[in-house]
Amino acid sequence: MIKALFFDIDGTLVSFRTHSVPDSTVKALAEAKNKGIKIFISTGRPRPLINNLEPIEDLIDGYITVNGAICTVGSETVSRSPIDPKDVKVILNAADRMDVPALIVGEDRAIVHNHKPIVDRIFGGMLAITGIDRNTATEQMLTEPIYQMTPFFNTAQEAEVARLLRHSESTRWCEYFSDIISSDADKGRGLEIIAGHEGLRLDECMAFGDGGNDISILRKAGTGVAMGNAGVTVKAAADYVTDTIDSDGVANALRHFKVTA
């Protein structure tokens, strides 16, 4: 029996085409919530950059954010896993050497180091992200714990830098950048933490995702659902592949598993 649902945002709950949550998804989640099923978000975004869930905000019980580095239930933060400061410096040095931008994510804000036009094109255009701090300098940001680095490395650059990291790992769900977090964190670990906090068994949890950073949670959940728009490796990690986000994939999967009518 499913008692908790975990959802990625971009490409799973929110369409890349419309930048909104499909009506079918809103209705399905409301029905699940009315049945007493808990609803959690599982995203690479930090909380300050989650700007697209308004239709379902009142249904959400908690968040796995920055790919599992910060987990919250209600108003309580139940887990924090910052990046080793030495790894932060390695990533920034590489970004400077390769002349690419990098998003630096703290608990309450995110800034851009070495800004380039691609940041606005991808974050502002493709993902419709707002809320990036344009005023805080990198040096000031580094005085607080850093939970995620998002450098615009290509795959070769990502592999080169990954070999230099001591306590951090890189994951990729977008061709333009990678997300680097503590080795102690990923979405699957976030699910374990929240399930333990809520007294849930893993087989009572269902997770949805479409990107490479969703593989850990799809494997960890009792039921992992890949969206039809997911890549081959993501689909291979799932128990079930549903339709694309723009073809009512979430609603159809919940109906398939009889979570909703």
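Residues numbered from 1 in each chain as written. Predicted model: local features only at pLDDT ≥ 70, side-chain atom pairs only at ≥ 80, totals over all residues. Heavy atoms only, no water.

**A look at the pattern of salt bridges**
One pass over the structure, following the stated rule, counts 19 salt bridges. Where R189 meets E192, a salt bridge forms, and the shortest distance between an N and an O atom there is 3.4 Å. Pair noted here: R189 and E192 are both in helix α6 (residues 187-198), with a separation of 3 residues, about one helical turn. Between D203 and R201 there is a salt bridge, with its nearest N and O atoms 3.0 Å apart. Overall, the relative accessible area of 45% leaves D203 in the partly exposed class. Through salt bridges with shared partners, a single network forms among K3, R201, D203 and E204. (Salt bridge = Lys/Arg side-chain N within 4 Å of Asp/Glu carboxyl O. Helix = DSSP H or I, 4+ residues; strand = E, 2+ residues; numbered from the N terminus. Buried < 20%, exposed > 50% of the residue type's maximum accessible area, 1.4 Å probe, protein only.)

**What about the pairing of strand β5 (residues 76-80)?**
Pairing of strand β4 (residues 70-73) with β5 involves 4 bridges; the strand directions are antiparallel. If you follow I70 over to β5, its bridge partner there is R80. If you look at the hairpin formed by β4 and β5, you'll find 2 residues sitting between the two strands, and G74 has a positive phi there, around 60 degrees. (Pairing = 2+ DSSP bridges.)

From the geometry alone we can't say anything about function, so treat these as descriptive.
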